[in-house]
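Chains, contacts and geometry: an overview
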Amino acid sequence: MKIPTLLVLLLSCIAAPLSVLSQESPKSSDASTPQILREYDQAIDQVAERAMQSVVKIEVTGFGKPESSSDEEDDQALRRQRAIGSGVIVDPDGYIVTNNHVVAGALRIRVIVSPATVELVTGHTQLSNPQRVYEAKLIGTNRYADLAVVKIEAHDLPALNLPELFSVRLGETVLAIGAPQGLDHTVTKGIVSAVGRQPDLDRPMVYVQTDAPINPGNSGGPLVDRDGNLVGLNTFIYSSGGGSEGLGFAIPEPVVRFVYHELKAHGFVLAVTIGAHAQTITPDLAAGLKLPQDHGVIVSDIDTGGPAAKAGLRPGDIVERIDGVLIDSFPKYTAFLYLHKRETSLRMDVLRDGKPVALSITPIDSLPLVDSLSDLANPRKDLIPSLGIFVIDLNDVIAAALPGLRSKHGVVVAGVLSGEPATLSNLDTGDVILSMNGKSLRTSDELRKQLADLKPGDSVAFQVERQSLVQYVAFEVE
């Protein structure tokens, strides 16, 4: 029997919502029902009713990357898209957390806030739909964690708290709330199937796994425990057929809390680095190097002149603790570096040749990657429709993300639209446009002004630096 390949489905969808409101009415009880079952049922009712008040539906119109493409050269292209996801109100003044993939490339974000029916009783249920629809402002996104923050102009909203103390246990009961297939305020129940799950070994993000049914549209909705505390933000599923198969994953609350505060304060998350590279210790590695342990994390390389090198960290050091916390796995190592407070030193305890060594390392800001340039573009202001590209001005930070860049000024192509004008096939993400028809370019505004003077049929010749080579890209204005 052939096992179908598991596909990671980012949870965004299109569907029509239904939201209704009920009035409280007496609930009949059966005296034969065991007391413990009634108490359990009532407890779940109360948690769900309280938590769902903070859950909203998010409708997005904009641009995004296709979920799959048979054309390798089209992998970085953006397509016009409409999507529906979920979000959680985390501040009464209208701050909402959702997934980055729900709002990435958005031109317009609408948030639908509405009450929900919690009981259906003959003659007492009011089937109305008193929705409130808000235009939302994108505060910031973070692709690494797949999180985003949007804001609506509203106050005194029911918010779900982000507690400093976090605890999740294997097997505990959890509820997933969201808008699967666009049906807002849908509640499903399950358990925590795994904690600290790392689905992709090449990506050191860890998740809380649950078997609570999650479907397209649940993205950005909360996973809450039996006390109504946020366990995580639902983000993706493994599925062979497109629907829930009991393999759902949520971003842990500590990551949600950290990214939310960073995006709210700065509009972005400053990734940091210590200039060291580490990997998991395997039994084979431990045997080959005669290490004192066959698990944990070992430093494999150090960047010359980086913070780790200056602090005295060496290849072969075994990381034991960071800021007093035991480091027993590579995901935990990367998580603690990611969540470390900015501009403060961290204490790293390592084992070197069997002896303990304590180091103080101050992280520095890391550089953006070429494939994340589209995250830096604002779809509303950075799109040049006539060319089908998103552009941003070259600066020191972006220049550092383009290895071997020779140019000191220019306009960077941050993204391209799939199926748009003919120039799409001639310009790639990461290209730096240096001049147009012989005239030097320093800003995207200069590019727009020169393009405004052209008419269909005119010829354009861009001078472009691509992967450290300067070449010309010529085309005819359509």
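Description of the structure in this document. (Residues numbered from 1 in each chain as written. Predicted model: local features only at pLDDT ≥ 70, side-chain atom pairs only at ≥ 80, totals over all residues. Heavy atoms only, no water.)

1. Comments concerning the overall build of the protein
Regarding its fold elements, the protein presents eight helices and 29 strands. The buried share of the protein, taken over its 478 residues, is 47%. Long-range contacts, defined here as pairs at least 24 residues apart, represent 63% of the contacts in the protein between residues at least 6 apart. Of the roughly 24,200 Å² that the protein leaves accessible, carbon and sulfur atoms contribute 52%. (Helix = DSSP H or I, 4+ residues; strand = E, 2+ residues; numbered from the N terminus. Buried < 20%, exposed > 50% of the residue type's maximum accessible area, 1.4 Å probe, protein only. Contact = heavy atoms within 4.5 Å. Areas by Shrake-Rupley, 256 points an atom, 1.4 Å probe, with all protein chains shown as cover.)

2. Focus on the side chain of Q450
As for its placement among the helices and strands, Q450 is situated in helix α8 (residues 444-452). With near-sequence residues (within four places) excluded, Q450 lies in contact with M436, K439, S440 and L441.

3. What about the pattern of salt bridges?
Opposite charge on two side chains lets them pair, provided their charged atoms get close. Tallied over the entire structure, the rule returns 13 salt bridges. The residue R466 makes a salt bridge to D428 at a minimum N-O spacing of 3.7 Å. One end of the pair, R466, is in strand β28 (residues 459-466); the other, D428, is in the loop between β25 (411-417) and β26 (432-436), and 38 residues separate them in sequence. With a relative accessible area of 19%, R466 lands in the buried category. Among the ionic pairs, K455 bridges to D458, the shortest N-O distance being 3.5 Å. By sharing partners, the salt bridges in this structure join K57, E59 and R110 into a single network. (Salt bridge = Lys/Arg side-chain N within 4 Å of Asp/Glu carboxyl O.)

4. A closer look at the packing of aromatic side chains
A complete count under the given rule lists 10 aromatic pairs for this structure. Judged by centre distance (4.9 Å) and plane angle (35°), the rings of Y144 and Y338 are tilted. Of this pair, Y144 sits in the loop between β7 (137-142) and β8 (147-151) while Y338 sits in helix α6 (residues 330-338), and the two are 194 residues apart along the sequence. A relative accessible area of 30% places Y144 in the partly exposed class. On the numbers, 5.2 Å between centres and 70° between planes, the contact of Y238 with F249 is edge-to-face. Note that Y238 is positioned in strand β13 (residues 230-239) and F249 in strand β14 (residues 248-252), a separation of 11 residues in sequence. Members of the aromatic cluster, each reached through a chain of ring pairs, are Y207, F236, Y238 and F249. Sitting over the face of the ring of Y95, K151 holds its NZ or CZ atom 5.3 Å from the ring centroid. Just above the ring of Y95 sits the side chain of K264; from NZ or CZ to the centre is 4.6 Å. (Phe/Tyr/Trp six-rings, centres within 6.5 Å; stacked < 30°, edge-to-face > 60°. Lys NZ or Arg CZ within 6 Å of the ring centre and 35° of its normal.)

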